[in-house]
Each structure stands twice: as structure tokens, then as C-alpha cells.
Amino acid sequence: MSFSAIIGTGGYLPDRVVSNAELARTVDTSDEWIRSRTGIRERRVAAPDESTCDMAEQAARGAIAAAGLSPADLDFIVVATSTPDLIYPSTACLLQKRLGIRNGGVAFDVQAVCSGFVYATGIADQFIRAGTARHALVVGADANSKILDWSDRSTCVLFGDGAGAIVMGASDRPGVYLTRLHADGNYAHLLEVPSGVSRPSADPHIRMHGAEVFKLAVNIMGDLVEETLAAAGFETTDVDWLIPHQANERIISATARKLRMDMGRVIVTLDRHGNTSGASIPLALDTGIRDGRVRRGELLLLEAVGGGFTWGSVLLRY
Ligand code: COA
């Protein structure tokens, strides 16, 4: 039987740092409020001419180099994003061109908001297990700054821009044990950008019912991690690292408590970049690997919840 495994990771954050203090000069908020309610200290904001594909390319090149491959080796590219460069072609096709790939394999985007990266990883895992892809590039990239209402303090302090990427390859040992993916569109109104192509409106910004999202996220994450471990036949104590979606430190610590995991076994990076949606898990994973905390052979639990609502997890041995 064939499995998929991570063979390289990469990450990219735009140069521009926006601190909590800087935001407090334009909206009625404070560094103390943002840090105590969310754990965020600063976020990165893409340059006016910097797109999701620009950021995705940087992260992808890092992951491809770490895997010891060249772009021509990739036969599957999926980009998880809610902020594509264009309506079409997909950001994945734009990225494929940037990487100089001609006559390539599959390239498409996945739209599952903050759960996009776990969705994309789950899909890539299926293709590799089935033997229809050999080397998959999975990117999570979002330019949230372009859809934020910078006068709305309840959202503009929470989000940031960035990209993270992994390269997955076939392996005769796991690798990915399983992915669990879920959605419930009945919660759509709690977190949305209420404008689109076939139903345009005057409001193309992120709108959120924060307190409801918070409660739902804590419950969903708690149930999800238990369901994932039970389905794979692992105990909480088997997990070396929890690598959660980076939205709010209080949601992350509630999930860790449910798993009875010490926060020393949780990768937290949101203090430096806020909620980067699809990019948040691969950025945290890349950080943990590059700073030497996450080592080969360790068991990782990736989990996310996002607009839709969507949620999902990946349990894998690195
Ligand atoms: N600075 C100061 N005050 C703010 C603020 C800000 N940036 N944003 C909101 N407030 C105010 C509100 O106006 C409200 O005031 P009111 O009580 O006078 O109406 C009050 O703070 C809300 O306080 P509280 O309910 O205690 O906040 P909270 O503890 O629920 O924290 C969030 C608010 C948004 C940080 C929290 O609900 C949250 O993180 N939700 C989930 C967000 C998320 O993760 N989204 C992405 C999911 S992928």
C-alpha cells in the first residue's frame, strides 16, 4: 500500500509589519485588548502590487528546494485560497506558469477558507495514495488585507497576509494516516465576504459574528481532535505536536486543554502574523520544522476551522 508523506516545506510573509499600536492609531482599539483577546502582536500586509500568487510562489519555491526537487517534478498543484488573484484562471494555474512548468499535471484551487489547507492536503493525499500523482505541491496562501474593512475594529485586527507550502510524495510508510473533512453551510452567515460574481453586493469585506464564531470553533475543534485520534487508533499522548489553525490563542489553548496537551507541544505563530487563513497551518508547520522543534518521525495533528463553516484535520507522521 502506498501512502503520502511530507518531503519539504516553505513559508513566506510580506515585508510590511503592522503592529497593534499602529492599528490603534486608526481604529478604537489597543495593543492590550488585541493581545489579551487574541494573542496577536503584529501582522504582515502585502504590498499594493503583491498578490496571492506572488506570495504562493515564494513559499512554493522554499518547499520545492527543501524537498530536493525541481518544479518539473511536480504533477499536482493545489492552492488553498479565498483571495485568488483572478476569478479565473485559478491561482494554481498562475503559479504553475510562474514555476516554469509546461504540459504539467493537475492544477486547481480549493476554496474552504481557513480550512483550505487541510482540505487541499486531504485531496493531495488521495491522489498520491491512488497512484495518480507522484509529487504534489500543496499551498495555502491568502491576501486577507485586500478584503478587510480597515475601519472595522472587530475584524481588521485579526487577519494578516502570507503563504505556506508543502511538497508531498509517495511513501511505503505513513506519512498521512488520515484526514477528516467536514462542512455545514448552515453557519455560512457567521463568517462571510457578502459579495461575489453571480450575486454582487456593495460590501466586498470580511464580516464576522466574532463571539458566535469563537464558541463554535472551540466546540468543533474539541470534537474534531477526539474524532481524529479515535478513528486512527491513537491516544492523545501519542501526538508530539498539535499544529492548529492560527486564529485566536484562546481557541488554540482550549483545544490543547481538551487533548490534555501542554502548550509546549503546540506550535503557535499567530502572535507574529495574525490569522492568515489558508496559509496559517503550513506557515506554523514550516516554522516548527525550520527552528528544529518538529523532527522526522514525530506524530503531528493539524486541525482547522473556517468560514463555510468548514473544518478538518490531518494526522501524519513527519
Ligand atoms: N478593540 C477593542 N474592542 C473591540 C475590538 C477591538 N479590536 N473588537 C471588538 N471590540 C469590542 C466589541 O465592540 C464589543 O464591545 P461591546 O461589548 O461594547 O459591544 C466587545 O469588544 C466584545 O468583547 P468580547 O465579547 O469580550 O470579545 P471576545 O472576547 O469575544 O473577543 C474576538 C472578540 C473577535 C477576538 C473573539 O470573539 C474571536 O476571536 N472570535 C473568533 C474569531 C475567529 O477566530 N475568526 C476566524 C475563524 S477562522
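Conventions used here
- Residues numbered from 1 in each chain as written.
- Predicted model: local features only at pLDDT ≥ 70, side-chain atom pairs only at ≥ 80, totals over all residues.
- Heavy atoms only, no water.
- Helix = DSSP H or I, 4+ residues; strand = E, 2+ residues; numbered from the N terminus.
- Rg over C-alpha atoms; globule rule 2.2 N^0.38 Å.
- Buried < 20%, exposed > 50% of the residue type's maximum accessible area, 1.4 Å probe, protein only.
- Contact = heavy atoms within 4.5 Å.
- Areas by Shrake-Rupley, 256 points an atom, 1.4 Å probe, with all protein chains shown as cover.
- Lys, Arg positive; Asp, Glu negative; His and termini not counted.
- Charge placed at Lys NZ, Arg CZ, Asp CG, Glu CD.
- Pairing = 2+ DSSP bridges.
- Domains from an automatic or database assignment.
- Buried area = accessible area lost by both parts, 1.4 Å probe.
- 1 Å grid on protein atoms, 1.4 Å probe; cavity = no way out; pocket = protein on both sides within 12 Å on 5 of 7 lines; lining within 4 Å.
- Points joined across faces, edges and corners; volume = space filled by probe spheres on them.
- Nonpolar A, V, L, I, M, F, W, Y, C, P; charged D, E, K, R; others polar.

Colleague: Please provide a residue-by-residue account of the overall build of the protein, values included.
Modeller: Looking only at helices and strands, one finds 10 helices and 13 strands in the protein. Expected size for 318 residues packed as a compact globule is a radius of gyration near 20 Å; at 18 Å, the protein falls within 12% of this value. Overall, the C-alpha framework of the protein stretches about 55 × 45 × 40 Å when taken along its three principal axes. Looking at the 318 residues of the protein, the share that counts as buried comes to 55%. Pairs at least 24 residues apart make up 75% of the contacts formed inside the protein by residues separated by at least 6 positions. Accessible surface, the protein: about 13,400 Å² in total, of which carbon and sulfur atoms supply 50%. Computing the positive centroid from 31 side-chain charges and the negative centroid from 37, the protein places the two 2 Å apart.

Colleague: A description of the pairing of strand β6 (residues 135–143) should follow, citing residues and the corresponding values.
Modeller: With 9 of its 9 residues buried, β6 lies for the most part within the structure. Covered by surrounding structure in β6 are His135, Leu137, Val139, Ala141 and Ala143 together with Ala136, Val138, Gly140 and Asp142, the residues of both alternating faces. In the sheet, strand β4 (residues 76–80) pairs with β6 via 5 bridges, with the strands oriented parallel. Residue pairing for β6: Ile77 is matched across the bridge by Leu137. Summarising the sheet, β6 and strand β7 (residues 161–171) pair through 9 bridges and their orientation is antiparallel. Residue Val138 lies in a different strand from β7, and its bridge partner there is Ile166.

Colleague: Hey, could you go over the domain arrangement of the protein for me, with residue numbers and the actual values?
Modeller: Along its sequence, the protein is carved into domain 1 (3–171) and domain 2 (176–317). Using C-alpha coordinates to define each centre, domain 1 is positioned 15 Å away from domain 2. Each partner contributes to the interface: domain 1 provides 53 residues, whereas domain 2 provides 48 residues. At the boundary of domain 1 with domain 2, total buried surface from both sides reaches about 3,800 Å², with 61% on carbon and sulfur atoms. Area buried by domain 1 at its contact with domain 2 is led by Cys114, Val118 and Tyr119, which between them contribute 17% of it.

Colleague: I'd like a description of the layout of surface pockets, backed by residues and values.
Modeller: In this structure, the largest pocket encloses a volume near 850 Å³. Lining of the largest pocket is provided by 34 residues; of these, Ser82, Thr83, Pro84, Gln111 and Val193 occupy positions nearest its centre. Going through the elements one at a time, β5 (106–110), β6 and β9 (191–192) are the ones with two or more residues in the lining of the largest pocket. Here the residues of the lining of the largest pocket are counted per class, giving 16 nonpolar, 13 polar and 5 charged. Of the residues that make up the lining of the largest pocket, three or more belong to each of domain 1 (3–171) and domain 2 (176–317). Estimates place the volume of the second largest pocket at around 560 Å³. As for the second largest pocket, its lining consists of 29 residues, of which Leu158, Met208, Gly210, Phe214 and Asn248 are closest to the centre. Listing elements by their share of the lining of the second largest pocket, those giving two or more residues are α2 (31–38), α7 (210–232), α8 (249–258) and β12 (299–306). Broken down by element, the lining of the second largest pocket gets its largest block of residues, 6 residues, from α7. For the lining of the second largest pocket, the per-class residue count stands at 18 nonpolar, 8 polar and 3 charged. No fewer than three residues from each of domain 1 (3–171) and domain 2 (176–317) sit in the lining of the second largest pocket.

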